[in-house]
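# A look at the structure
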Amino acid sequence: MENAINKQVCFHDFVNRLQTSYASYMIDAVYSVAHALDILAKESSPSMTDDDHQRKLNMDINNVMQRLLSRVNFVGLTGNISFNKLGDRGSAVYEIVNLQVQEAANTKQLILKQVLVGKWEENEKRNERLQFFEEIRWNSPTGSPPKSECLDQCSPGTRKSTTSPCCWQCVSCPRGTINPIPGSASCIECPRRKQSNEARTKCVDLPLINLKYSSAGGIVILSFCAFGMIATLFSFAVICRFWNTPIVKASSREFSLVLLVSIILLLTLVVINLFELQIQFARSFIHGVT
């Protein structure tokens, strides 16, 4: 007896939970689909097989159901059920509910409460379809409506993310790519010998890296050139000093002088090139400042 009472209580509680404000709309939605499928079955030829029916539905299920729903008309739990050519309910009424933070009457605790702030009716006039009973409260620090990420186009130098076609995030273009077009979904790679600027809006030439003579690399190069010049001049002096000796004559003294002069010229060219880079860098810097 006790088990029967418990089952009855549980069943009563289940029915109370099931009977929500949305249950009647769900039942009417199921009946609408059933009526649409009934119309499809009546229109089909008796000679058509189940495979033919499935093939017909798979051709374009959205267009088929939209066309069938526009012919559905019956009285449901929520009133007269009918749909327009777009598949929307002809007598649709949408309630606008706002979640507001309010104090409970007894405990004085802050709770979230659903407040009906407006509605939208299909059967009303165009300028009277949307009605608000009170102002919407936005749960933000400033009380203002939150900014949607889908309102503004992505600025140049960024691209749209591919998370959703109707909602996106603006992602900065990677290094070496640009996007000069606002709202574009892709970035363009820069050609060879060019790089993207800081804003990722255009490709610029790769900068010339000037080796300073005061840097560690410049000091090593100058030291190597100085040591080479000293060794070359010393060798040149030795050859000139012992010009008529058998050893110098046997080493092809004229050809040796040519090699020593070539080495000195190459080392001198390195030093001149190093200082010339510094002069060009200084000129470009002065020109940019002026």
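Since we're looking at a predicted model, the values are computed, not measured.

Under the local residue numbering, the UniProt record ascribes the feature "transmembrane region" (unreviewed entry) to residues 219-243 and 255-275. Across residues 219-243 one finds 92% helix and 0% strand; the C-alpha atoms that close the span lie 35 Å apart. Secondary structure content for residues 255-275 is 100% helix and 0% strand, and the end C-alpha separation is 31 Å.

Quick look at the pattern of salt bridges now. The full count for this structure, using the stated rule, is four salt bridges. Notably, a salt bridge pairs Glu 121 with Lys 119, separated by 2.5 Å at the nearest N-O pair. Looking at Lys 119, the relative accessible area reads 24%, which means it is partly exposed. The residue Glu 254 makes a salt bridge to Arg 253 at a minimum N-O spacing of 3.5 Å.

Ordered by their spatial adjacency, three strands build an open sheet running β3-β4-β5, and the pairing between neighbours is antiparallel. Looking along the sheet, the strands with just one partner apiece sit at the ends: β3 (93-103) and β5 (130-132). Strand after strand, the sheet turns through a mean of 30° between neighbouring axes, direction not considered. In terms of strand pairing, strand β4 (residues 110-121) meets β5 through three bridges, oriented antiparallel. Note on β5: the bridge partner recorded for Gly 118 is Phe 132.

What follows is about the pairing of strand β1 (residues 73-76). Pairing geometry for β1 and strand β2 (residues 79-82), over four bridges, is antiparallel. Among the inter-strand pairings, Gly 76 is bridged to a residue of β2, identified as Gly 79. In textbook terms, the turn of a hairpin is the stretch between consecutive antiparallel strands, and for β1 and β2 this stretch comprises two residues.

The subject of this paragraph is the environment of Ile 111. Note that Ile 111 resides in strand β4. Put simply, Ile 111 and Leu 99 are 12 residues apart on the chain and 9.7 Å apart in space, counted from C-alpha to C-alpha. If we skip the residues at most four places from it in the chain, Ile 111 touches Gln 100, Val 101, Gln 102 and Ala 104.

What follows is about the state of the cysteines. Disulfides are covalent bonds that connect the sulfur atoms of two cysteines. This model, assessed by the stated rule, comprises three disulfides. The disulfide partner of Cys 154 is Cys 170, and the S-S distance across this bridge is 2.2 Å. With the S-S dihedral at roughly -95°, the linkage between Cys 154 and Cys 170 falls on the left-handed side. Here Cys 170 lies in strand β7 (residues 170-172) and Cys 154 lies in the loop between β5 and β6 (158-160), a separation of 16 residues in the sequence. Paired by a disulfide, Cys 190 and Cys 203 hold their sulfur atoms 2.1 Å apart. Taking the sign of the torsion about the S-S bond as the criterion, the disulfide between Cys 190 and Cys 203, at about -90°, is left-handed. Note that Cys 190 is positioned in the loop between β9 (188-189) and β10 (194-196) and Cys 203 in strand β11 (residues 203-205), a separation of 13 residues in sequence. Classification of Cys 190 as buried rests on a relative accessible area of 9%. With a relative accessible area of 22%, Cys 203 lands in the partly exposed category.

Another aspect to go through is helix α5 (residues 216-241). At 3.6 residues per turn, the α-helix brings residues three or four places apart onto the same side. Taking 1.5 Å per residue, 26 residues should reach 38 Å; α5 reaches 37 Å between its end C-alpha atoms and fits that length. By the burial criterion, the buried members of α5 are Gly 218, Cys 225, Gly 228, Thr 232 and Ile 239.

Reading guide: rules and limits
- Residues numbered from 1 in each chain as written.
- Predicted model: local features only at pLDDT ≥ 70, side-chain atom pairs only at ≥ 80, totals over all residues.
- Heavy atoms only, no water.
- UniProt positions renumbered as here; feature names shortened; annotations may be inferred.
- Helix = DSSP H or I, 4+ residues; strand = E, 2+ residues; numbered from the N terminus.
- Salt bridge = Lys/Arg side-chain N within 4 Å of Asp/Glu carboxyl O.
- Buried < 20%, exposed > 50% of the residue type's maximum accessible area, 1.4 Å probe, protein only.
- Pairing = 2+ DSSP bridges.
- Axes fitted to C-alpha atoms, helices over the stretch in contact; angles between N-to-C directions.
- Contact = heavy atoms within 4.5 Å.
- Disulfide = S-S within 2.5 Å.
- Expected span 1.5 Å × (residues − 1).

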